[in-house]
Amino acid sequence: MSNHKRALEVLTIALDEYEPFEPSVLTAEQRAAIRDIILGDHKTFRYLLITGLLGKVVDPSVHPRSIQAKADLEGAYDARSLCHNVWVPFEREHLDCRLGGSNEPYLNKPARFEAVDKNNAVRAGKDRKLLHTLYDLLESLNDASGETVKEAFTYAFQLTMSRQGRTITDLPLKSISLSSSLLEAFFDDYLSQSFGGEIPVSVAGAILGMRYNGKGESVRIHPANQAGSSSNEVGDIDVYSGDIVILPVEVKDKPYLQSDVNHAVEKAKYAKCGRLLFVTGRQATTSLSSTSVVAENSNDGFDLAFISIDELVRAECALMNETDRRQLLELVNRALTTMRSKDEAKRYFASTLKRHGIMK
């Protein structure tokens, strides 16, 4: 399989068309295996999986367990070349190193074999168990339908997008002391604008990312004011545990009514989630008594909570150290990209950082 150009096209389309979805063809075991590997701690296995799936999507005749072209497998090919020449630069340029940012992952010990095999030398215990999981998954997909393989790749790509990136190349922060008071001053200024709700969504999404991303949980930030465009979106921001929404978050930065709250609650209930966080921005106004509507929903067994974006910022930022504060700003930057925000909003974020002397 030498069609690296086609592989790059597949990745570009996957990124352009990316949105959360619920696999319908994969078995429960296959979904669990993909989650365990992509969201797991073993970096090399993540690369072996995504490359094997990418190669199989591009050329159905290849064997996804293949690492080297000389492997004793029907459909053996040079997966190492595919990974190093296509996936690695694509991940670095477009995915913020979400799988780990390795330059040559196939030079790591678990990938220095002709194929993924259960007898490959890895550490006993958790690593060996994960190797067996990877083997069984790829073997099950070797003779699977094209639809199943494509769904496996799309699901693995979705989970990759849910991982935190390693670097933010477009956010050159100054080497200054980023104190709690400076960060609060920045957010006080930044949240004064809305850009159609994009600003408070970016902040709430970043804060939730600090709290939830990793350990099997992930945060997905949807384009502002477009939640529900996919059947799998519940709120403006959704916190997932595996495939399950555990906390939908609705963000309002404009006047809202009881019907708006009821609609958000019904979406959460339809998704079989018994709770909802309702975040209000500075432009949000209402005659609704939040205390009353919380009590009404509580009586129905539904956990509804209201918080303003400023309260959320004050509560979370007060607990952060300087490293956390820098990461939070990086996550706001990433959120603006993930939610496909307007260029004006991105420029406003950068100009506000510069105005407070935080960014070069």
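Reading the values: the criteria
Residue positions are given per chain, counted from 1 along the sequence in the order it is written. Two thresholds apply to this predicted model, a pLDDT of at least 70 for residue-level local features and 80 or more for giving and counting side-chain atom pairs, whereas whole-chain, interface and lining totals are computed over all residues. Where side-chain values are given, they derive from all heavy atoms of the structure, hydrogens and water being excluded. Going along the chain from the N terminus, every DSSP run of H or I of four or more residues is numbered as a helix, and every run of E of two or more is numbered as a strand. Relative accessibility under 20% of the residue-type maximum defines a buried residue, over 50% an exposed one, and the middle range a partly exposed one, all with a 1.4 Å probe and only protein chains included. What makes a salt bridge here is a side-chain nitrogen of Lys or Arg within 4 Å of a carboxyl oxygen of Asp or Glu, nothing more. By nonpolar core we mean a set of buried residues, namely Ala, Val, Leu, Ile, Met, Phe, Trp, Tyr and Cys, connected to one another through side-chain atoms within 4.5 Å. The criterion used for residue contact is that any of the two residues' heavy atoms lie within 4.5 Å. Working definition: rings of Phe, Tyr and Trp (its six-membered ring) pair if their centres are within 6.5 Å, and the pair is stacked with planes under 30 degrees apart, edge-to-face with planes over 60 apart, and tilted otherwise. Paired strands, in this sense, are two strands between which DSSP finds at least two bridges. Helix axes are fitted to C-alpha atoms over the stretch in contact, other axes to C-alpha atoms as well, and angles between N-to-C directions run from 0 to 180 degrees. Angles below 35 degrees are treated as roughly parallel, those above 145 as roughly antiparallel, those between 65 and 115 as roughly perpendicular, and all remaining angles as oblique. Less than a right angle of anticlockwise turn of the near helix away from the far helix marks a crossing as left-handed, whereas a clockwise turn marks it as right-handed. Convention used here: a crossover is right-handed provided that the path from the first strand, over the helix, to the second strand proceeds clockwise when the strands point away from the viewer.

Novice: I keep staring at the environment of Thr-291 and nothing clicks. Help me out?
Specialist: Within the secondary structure, Thr-291 sits in helix 10 (residues 290-299). On the basis of relative accessible area, Thr-291 is assigned to the exposed category, the value being 62%. For the pair Thr-291 and Trp-87, spaced 204 residues apart in sequence, the C-alpha to C-alpha distance is 51 Å.

Novice: So what exactly am I meant to see when it comes to the pattern of salt bridges here?
Specialist: Working definition: two side chains of opposite charge can pair if their charged atoms are close together. Using the criterion set out here, one finds 12 salt bridges in the structure. Residue Glu-250 pairs with Lys-267 through a salt bridge whose shortest N-O separation is 3.9 Å. Of this pair, Glu-250 sits in strand 3 (residues 244-252) while Lys-267 is found in helix 9 (residues 258-270), placing the two residues 17 residues apart along the sequence. Across the pair, exposure class does not vary: Glu-250 and Lys-267 are buried alike. The partner of Glu-322 in a salt bridge is Arg-326, with the nearest N and O atoms 3.8 Å apart. Taken as a pair, Glu-322 and Arg-326 lie in helix 12 (residues 322-338) at a separation of four residues, close to a single helical turn. Note on Glu-322: relative accessible area 31%, which makes it partly exposed. The structure contains a network of salt bridges with shared partners spanning Asp-188, Arg-282 and Asp-310.

Novice: What's the story with the nonpolar core in this structure? I'm lost.
Specialist: Generally speaking, soluble globular proteins have nonpolar side chains that are buried together. Core analysis: the largest hydrophobic core is formed by 48 residues, its most contacted members being Ile-34, Leu-49, Trp-87, Phe-153 and Phe-157. The set of elements that each furnish at least two residues to this core consists of helix 1 (4-16), helix 2 (28-38), helix 3 (43-58), helix 4 (79-94), helix 5 (126-142) and helix 6 (146-162). Of the residues forming this core, the biggest block, eight residues, is contributed by helix 3. Apart from the residues lying within four places of it in its own chain, the contact partners of Leu-49 are Ile-34, Ile-37, Ile-38, Leu-134, Leu-137 and Leu-138. By size, the runner-up hydrophobic cluster in this structure holds 43 residues, among which are Ile-199, Tyr-212, Leu-336 and Phe-349.

Novice: Quick question: what am I supposed to make of the packing of aromatic side chains here?
Specialist: Any aromatic ring pair is given by two values, namely how distant the centres are and how the planes are angled relative to each other. Counted according to the given criterion, the structure contains 10 aromatic pairs. When the centroid spacing of 5.4 Å and the interplanar angle of 15 degrees are considered together, the rings of Phe-186 and Tyr-190 count as stacked. Of this pair, Phe-186 and Tyr-190 both sit in helix 7 (residues 180-190), four residues apart, which is roughly one turn of that helix. When its relative accessible area of 0% is taken as the criterion, Phe-186 is described as buried. Take Tyr-190: its relative accessible area is 0%, and that puts it in the buried class.

Novice: Even after reading the chapter, I still don't get the sheet that holds strand 5 (residues 303-308), so can you show me in this structure?
Specialist: In a beta sheet, neighbouring strands are held together by backbone hydrogen bonds and run either parallel or antiparallel to one another. The sheet built from five strands is open, its strands ordered 1-2-3-4-5 with mixed pairing. The open sheet has two edge strands, strand 1 (217-221) and strand 5, and neither has a second partner. Strand-to-strand twist in this sheet, taken as the mean axis angle between neighbours without regard to direction, amounts to 20 degrees. The sheet contact formed by strand 3 and strand 4 (residues 275-280) spans four bridges and is parallel. From the neighbouring strand, Val-251 faces strand 4, where its bridge partner is Val-279.

Novice: How do you make sense of the side chain of Glu-316 when you look at a structure like this?
Specialist: Here Glu-316 lies in helix 11 (residues 309-317). Other than its neighbours up to four places away in sequence, Glu-316 contacts Ile-207 and Arg-211.

Novice: So what exactly am I meant to see when it comes to the environment of His-132 here?
Specialist: Structurally, His-132 can be placed in helix 5. On the basis of relative accessibility, which here comes to 29%, the residue His-132 falls in the partly exposed class. Remark: the alpha-carbon pair of His-132 and Ile-37, spanning 95 residues in sequence, is separated by 11 Å.

Novice: Where do I start with the pairing of strand 2 (residues 237-241) in this structure?
Specialist: In regular strands, side chains alternate between the two faces of the sheet. Strand 2 sits mainly inside the fold: four of its five residues count as buried. When strand 2 meets strand 3, the two strands line up antiparallel, connected through five bridges. Within strand 3, the residue paired with Tyr-240 across the bridge is Val-245. Counting the residues in the hairpin turn of strand 2 and strand 3 gives two residues, including Gly-242, whose phi is positive at 65 degrees.

Novice: Is there a simple way to explain the packing of helix 8 (residues 198-212) against helix 12 in this structure?
Specialist: A pair of packed helices can be characterised by two numbers: the angle between their axes and the separation between those axes. At a minimum axis separation of 8 Å, helix 8 and helix 12 run at an interaxial angle of 125 degrees. It follows from the interaxial angle that helix 8 and helix 12 lie oblique. The handedness of the crossing between helix 8 and helix 12 is right-handed. Judged by residue contacts, Ser-202, Val-203, Ala-206, Ile-207, Gly-209 and Met-210 of helix 8 engage Asp-324, Gln-327, Leu-328, Leu-331, Val-332, Ala-335 and Leu-336 from helix 12.

Novice: Is there a simple way to think about the pairing of strand 5 in this case?
Specialist: With six bridges joining them, strand 4 and strand 5 adopt parallel strand pairing. Note on strand 5: the bridge partner recorded for Leu-276 is Leu-304. Considered for its hand, the β-α-β crossover made up of strand 4, helix 10 and strand 5 is right-handed.

Novice: Is there a simple way to explain the side chain of Arg-65 in this structure?
Specialist: Inspection of the secondary structure puts Arg-65 in the loop between helix 3 and helix 4. Owing to a relative accessible area of 7%, Arg-65 belongs among the buried residues under this scheme. Ignoring any residue separated from it by four or fewer positions in sequence, one finds Arg-65 in contact with Leu-73, Ala-115, Val-116, Asp-117, Tyr-135, Leu-138 and Glu-139.

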